[in-house]
Amino acid sequence: MTHPFLDLAPLSAARFASIEDRVAKLLDTRQDVVVTQGEALLPLEGAIRATAGPGTTALNVITGPYGQTFGDWLRDCGATVIDLAVPFHTAVKAAQVREAFAEHPEIDFVSLVHAEAATGNTNPVAEIGEAVRAQGALFYLDAVASVGAEPVLPDAWGVDLCVIGAQKAMGGPAGVSAVSVSERAWARMAANPRAPRRSYLSLLDWKERWIDGGRKALLHAPAQLEMLALEACLERVDAEGLDAVMARHASAAAATRAGVAALGGGLEPYVHEAGEAAPVATTLRTPDGVVAAELVARALAADPALPLAAGGGALAREMIRVNHYGPDATPGAVRACLAALGTALAESGAEDVDVTAALRAAAEEWR
């Protein structure tokens with residue numbers, strides 16, 4: 001048995017390095033970029049374990065489930081963790097971060113999720129970055145959901161560890177990811193005796209054996225097909241233009257919110273303020289007595305391919321996610337989701353559902 005994918009020549013170190021360079025260009029960064037061979041949880045965990053330890057005091061911002069996970073990893077590393085949690089229907093404010101610094105001047109590490117696709121909020125990283133720089137803390141950012149949907153600028157924002165994945169707004173593969181690393185972050189890793197070494201989680205292995213060696217020899221056989229898919233994804237983003245890709249996502253979010261407001265039936269945006277809503281996905285709160293998971297199941301019965309999902313865990317009772325990212329950041333996807341949700345609401349007994357008005361409002365909002 002043969003297949004064209006099985007007959008490809010091995011991925012060269014030069015080709016691998018060129019893909020890293022394209023990621024650096026996407027992020028407009030002069031920092032080192034490492035493309036890691038696994039889903040984004042690999043560099044997210046690896047970066048924390050490399051830079052945090054018993055001497056670390058971390059401010060961990062929680063605006064959704066990933067922030068909770070980062071706090072668990074930090075505690076497992078022996079760090080002292082100060083959680084700054086805000087309701088999932090809002091975003092954290094830079095003033096709240098400054099207040100935490102004033103109360104705990106020993107903070108030397110900050111972990112933050114840029115956009116929480118799971119809860120639909122996005123955080124003001126530029127303003128928070130100013131506060132973190134004034135504190136002198138190391139800044140760790142999860143930009144997996146935000147990259148491609150809104151600006152991600154590690155250098156301009158003072159981010160020391162910026163992790164991205166291509167599987168959401170970029171419309172690319174999930175099996176590889178990337179992290180940009182500042183010189184301060186490399187120094188923190190080198191000084192950390194608990195930083196993973198000779199491990200799949202180790203960023204220092206990539207620094208010492210790949211970057212310091214001039215990117216001439218790969219550490220191990222790369223995930224070839226995923227790397228080629230990432231390269232193709234970056235080429236596609238370049239061809240459309242990053243600004244155009246981000247504009248599609250902003251339009252999809254605005255059109256979805258406008259459509260839901262006109263739809264009726266008791267459905268409403270989960271994130272209260274439009275300025276705090278992530279362009280990668282719009283979360284919705286179901287009316288009292290309507291279980292979100294059941295409404296989504298009803299909507300998907302007619303078209304299982306719609307980018308609709310119920311919230312995770314306990315949120316499955318009250319939250320719906322419209323995942324208008326990547327190839328679904330289009331007017332057609334938004335219209336189809338609004339129509340399906342309107343039909344499902346009407347079938348569930350909701351009154352005053354107006355799909356026509358919803359579609360009209362969404363069309364008027366698309367830019």
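The rules behind these values
- Residues numbered from 1 in each chain as written.
- Predicted model: local features only at pLDDT ≥ 70, side-chain atom pairs only at ≥ 80, totals over all residues.
- Heavy atoms only, no water.
- Helix = DSSP H or I, 4+ residues; strand = E, 2+ residues; numbered from the N terminus.
- Rg over C-alpha atoms; globule rule 2.2 N^0.38 Å.
- Buried < 20%, exposed > 50% of the residue type's maximum accessible area, 1.4 Å probe, protein only.
- Contact = heavy atoms within 4.5 Å.
- Areas by Shrake-Rupley, 256 points an atom, 1.4 Å probe, with all protein chains shown as cover.
- Core = buried A, V, L, I, M, F, W, Y, C linked by side-chain atoms within 4.5 Å.
- Pairing = 2+ DSSP bridges.
- Axes fitted to C-alpha atoms, helices over the stretch in contact; angles between N-to-C directions.
- Phe/Tyr/Trp six-rings, centres within 6.5 Å; stacked < 30°, edge-to-face > 60°.
- Lys NZ or Arg CZ within 6 Å of the ring centre and 35° of its normal.

(A) Representation of the overall build of the chain in the model. Within the chain, the regular secondary structure consists of 13 helices and 13 strands. Relative to a compact globule of 367 residues, whose C-alpha radius of gyration would be 21 Å, the chain shows 21 Å and is just as compact. For the C-alpha atoms alone, the extent of the chain along its principal axes is close to 65 × 60 × 35 Å. The burial tally for the chain puts 54% of its 367 residues in the buried class. For the chain, the proportion of contacts with a sequence separation of at least 24, taken over those separated by at least 6, is 70%. Total accessible area on the chain stands at roughly 15100 Å², and carbon and sulfur atoms take up 53% of it.

(B) Focus on the nonpolar core. Residues Ile-48, Leu-59, Tyr-140, Leu-161, Ile-164 and Met-189 are the most contacted members of the largest nonpolar core, which totals 81 residues. Among residues more than four places away in sequence, those in contact with Leu-59 are Ile-82, Leu-84, Val-97, Ala-100, Phe-101, Ile-107, Phe-109, Val-110 and Ser-111.

(C) A look at the sheet that holds strand β3 (residues 80–85). A sheet is described by the order of its strands in space; here seven strands give the open sequence β1-β9-β8-β7-β4-β2-β3, paired in mixed fashion. The outermost strands of the open sheet, each flanked by one partner alone, are β1 (32–36) and β3. For this sheet, the mean inter-axis angle between neighbouring strands, taken without regard to orientation, is 15 degrees. In the sheet, strand β8 (residues 161–165) pairs with strand β9 (residues 177–181) via five bridges, with the strands oriented antiparallel. In the sheet register, Ile-164 faces β9, and the bridge partner there is Ala-178.

(D) Representation of the packing of aromatic side chains. All chains considered together, the criterion is met by six aromatic pairs. Where Phe-109 meets Tyr-140, the ring centres are 5.9 Å apart and the plane angle is 35 degrees; that geometry is what we call tilted. Of this pair, Phe-109 sits in strand β4 (residues 109–113) while Tyr-140 sits in strand β7 (residues 138–142); the two residues are 31 residues apart in sequence, bridging distant segments of the chain. Tyr-140 matches Phe-109 in its accessibility class, with the two residues each being buried. Site record: aromatic cluster; members linked through ring pairs are Phe-70, Trp-73, Phe-109 and Tyr-140. Here the basic side chain of Lys-207 rests over the ring of Trp-186, its NZ or CZ set 5.8 Å away from the ring centre.

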